[in-house]
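A structural walkthrough
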Amino acid sequence: MSAHIERWFVPPRNVFGWGAAQATGRQIRGLEGSPDRALLVTDEGVRGAGVLDPVLESLEEAGIEYELFDETVPDPTGTVVETAAERFESTAADVMVAVGGGSSIDTAKAAAAMTTNEGSIFDYAGLNEVPNPTPPLAILPTTAGTGSEVTNWSVIRNEEDDVKYSIGDPHLLADLSIVDPSLTESVPAPIAAATGMDALTHAIEAYVSIHRQSQTSALALDSIEKIGTFLPRAVDRRGSDREALTAMAKASNQAGTAFNGAGLGAVHALSHQVGAAFRVPHGLANAVLLPYAMEYNLLQVPEELVDVAEALGESVDRSAPARLEGYKAVRAVRRLCDDVDIPRTLEGVDADRDAIPDLAAQGLSDGSLVGNPRQTDAEDLGAILERAFDGDLEYESVL
């Protein structure tokens, strides 16, 4: 009988705290080889909001020269990745620094990989397909949602077939993760809501995954509790709600760490397709699909969803049938979505119902699906999508 092997990767150096970005230069200098020339990957929005200021000041204080690459786009493409990799090489940079949301971080990871590996980034789609190590990589997230600063995944859209491909490899793991909640202060409310629900999706899918581990489950459950408590405050803040922003940054970071070890599920398998086909922001697609996929998985993981319900503030009866109590988790997620103005249906994000067969077929081959607790086929995924278009949730007739 073979032993069960668990694999869990985290960045070797993690820094968290309000104002932590001010130590970026010193932390980068402490990496192997003491890098002194950076390509800073970001986007025009982050640059224009002044979010980069403490990072740039820190680099200058540490004597690190830098060049800005602010051409990142939502749903980053292979073309943008190639351009960033070429810029890294042409400027003789020796460290890649990502400052931004998931798109900037995914771009930086993939571009770093392409500086040391031949061909196209899509040659390395899947798990553990990147043969050569990347240059040093430092990541500073500006949203509380993706958790990408602690994962070894990058999701890139292929413009030829308009499909998102996931590249997962320990070589894509950051050498340095710096999470400074103050960098999220300027995030608009709709983005804070969508990215916060993205983090909740990571935590819930990790908690019910067939690859869950004791440590990933502990991190995921704590993240769920934090998000249920603090997301509405982080979205509807008047001035700077430092406590809420810090809690959400921590929750996102923990949820990213959890799913990096436990994997994801049907929500991500479908949201990747919806996002690529209709340019729906990733976190928003996750938020809309999450309650429908939870109800689909309830038959397989009722006890786990009771835990989720309790973490989200629901009063649960542990002596009652777990499947019945598990519906409370779905209700709690729907209420949270309503509180932060997430649309209830895919029609609300301008998706097209006629695309369901294609979305379901593509979702079936998405790598995220391997962690889903309930076995699925294209018909099952199509049914989840149908319900997400109809807004039809069972809990409304059960509880």
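Residues numbered from 1 in each chain as written. Predicted model: local features only at pLDDT ≥ 70, side-chain atom pairs only at ≥ 80, totals over all residues. Heavy atoms only, no water.

1. Considering the environment of Arg-374
Mapped onto the elements of the fold, Arg-374 is located in the loop between helix H13 (356–364) and helix H14 (378–390). C-alpha of Arg-374 to C-alpha of Leu-298: the two residues are 76 residues apart in sequence and 8.7 Å apart in space. With sequence-adjacent residues up to four places away left out, Arg-374 is seen in contact with Tyr-296, Asn-297, Leu-299 and Gln-300. (Helix = DSSP H or I, 4+ residues; strand = E, 2+ residues; numbered from the N terminus. Contact = heavy atoms within 4.5 Å.)

2. Observations concerning unusual backbone geometry
Phi angles above zero are rare outside glycine, and Asp-75 is one such case at about 50°. Looking at the element boundaries, Asp-75 is found in the loop between strand E3 (65–69) and helix H4 (78–90). Located in the positive-phi region is Ala-92, a residue other than glycine, with phi close to 55°. Tracing the backbone shows Ala-92 in the loop between H4 and strand E4 (95–100). The exposed category is assigned to Ala-92, whose relative accessible area is 56%. (Buried < 20%, exposed > 50% of the residue type's maximum accessible area, 1.4 Å probe, protein only.)

3. A few points about the packing of helix H9 (residues 266–278) against H14
Put simply, H9 and H14 touch, their axes get as near as 11 Å, and they point 70° apart. The angle between H9 and H14 falls in the class roughly perpendicular. Judged by residue contacts, Ala-266, Leu-270 and Val-274 of H9 engage Leu-381, Ile-384 and Leu-385 from H14. Each residue belonging to the contact of H9 with H14 can be placed in one class, and the counts come to six nonpolar, no polar and no charged. (Axes fitted to C-alpha atoms, helices over the stretch in contact; angles between N-to-C directions. Parallel < 35°, antiparallel > 145°, perpendicular 65-115°, else oblique. Nonpolar A, V, L, I, M, F, W, Y, C, P; charged D, E, K, R; others polar.)

4. Let's talk about a nonpolar patch on the surface
A cluster of nonpolar side chains, namely Leu-324, Val-398 and Leu-399, defines an oily patch on the protein surface of about 210 Å² accessible area. Looking at the secondary structure, you find Leu-399 in the segment after helix H15 (395–398). (Patch = residues over 30% accessible without salt bridge, like charges linked within 9 Å, V, L, I, M, F, W, Y side chains within 5 Å. Areas by Shrake-Rupley, 256 points an atom, 1.4 Å probe, with all protein chains shown as cover. Salt bridge = Lys/Arg side-chain N within 4 Å of Asp/Glu carboxyl O.)

5. A closer look at the pattern of salt bridges
Going through the model one piece at a time under the given rule, you end up with 25 salt bridges. For Glu-314, the salt bridge is made with Arg-331, and the minimal N-O distance between the two is 2.7 Å. On the criterion of sequence distance, the pair formed by Glu-314 in the loop between helix H11 (302–311) and helix H12 (322–339) and Arg-331 in helix H12 is long-range, its members being 17 residues apart. Where Glu-325 meets Lys-328, a salt bridge forms, and the shortest distance between an N and an O atom there is 3.0 Å. Of the two residues, Glu-325 and Lys-328 both sit in helix H12, three residues apart, roughly one turn of that helix. Owing to a relative accessible area of 13%, Lys-328 belongs among the buried residues under this scheme. Within the structure, one salt-bridge network assembled from shared partners comprises Glu-295, Arg-387, Asp-392 and Glu-394.

6. Looking at the pairing of strand E9 (residues 176–179)
Taking every second residue as pointing to the same face, both faces of E9 are buried, with Leu-176 and Ile-178 on one and Ser-177 and Val-179 on the other. Note that strand E1 (residues 14–16) and E9 share three bridges and pair parallel. Counterpart to Asn-14 in the pairing with E9 is Ser-177. One ladder, built from two bridges, connects strand E6 (residues 137–141) with E9; its direction is parallel. Across the sheet, residue Ala-138 finds its bridge partner in E9, namely Leu-176. (Pairing = 2+ DSSP bridges.)

7. Thoughts on the packing of aromatic side chains
Summed over all chains, the structure comprises one aromatic pair. If you follow Lys-250 out to its NZ or CZ, it ends over the ring of Phe-16, 4.1 Å from the centre. (Phe/Tyr/Trp six-rings, centres within 6.5 Å; stacked < 30°, edge-to-face > 60°. Lys NZ or Arg CZ within 6 Å of the ring centre and 35° of its normal.)

8. A short note on the packing of helix H7 (residues 214–235) against H11
For the pair H7 and H11, the least separation of the axes is 8 Å and the interaxial angle reads 40°. Residue-level contacts link Leu-221, Ile-224 and Glu-225 of H7 to Asp-307, Val-308 and Ala-311 of H11. Grouping the constituent residues of the contact of H7 with H11 by class yields four nonpolar, no polar and two charged.

9. Side note on the sheet that holds E9
What the six strands build is an open sheet, ordered E1-E9-E6-E4-E2-E3; its pairing is parallel. Both edges of this open sheet fall to E1 and E3, since each of them pairs with a single strand only. For this sheet, the mean inter-axis angle between neighbouring strands, taken without regard to orientation, is 15°. Each of strand E2 (37–41), E3 and E4 is contacted by H4, which is oriented at about 160° to E3, the strand it contacts most. Strands E2, E4 and E6 of the sheet are contacted by helix H5 (residues 102–114), whose axis makes an angle of about 165° with E4.

10. Brief notes about the environment of Val-316
Relative to the elements of secondary structure, Val-316 occurs in the loop between H11 and H12. Its relative accessible area of 18% is what places Val-316 among the buried residues. Residues Val-316 and Asp-94, 222 residues apart in the sequence, show an inter-C-alpha distance of 53 Å. Contacts of Val-316, omitting those with residues within four sequence positions, involve Val-306, Ala-309, Glu-310, Glu-325 and Lys-328.

Without other data, these values stay purely geometric and don't point to any function.
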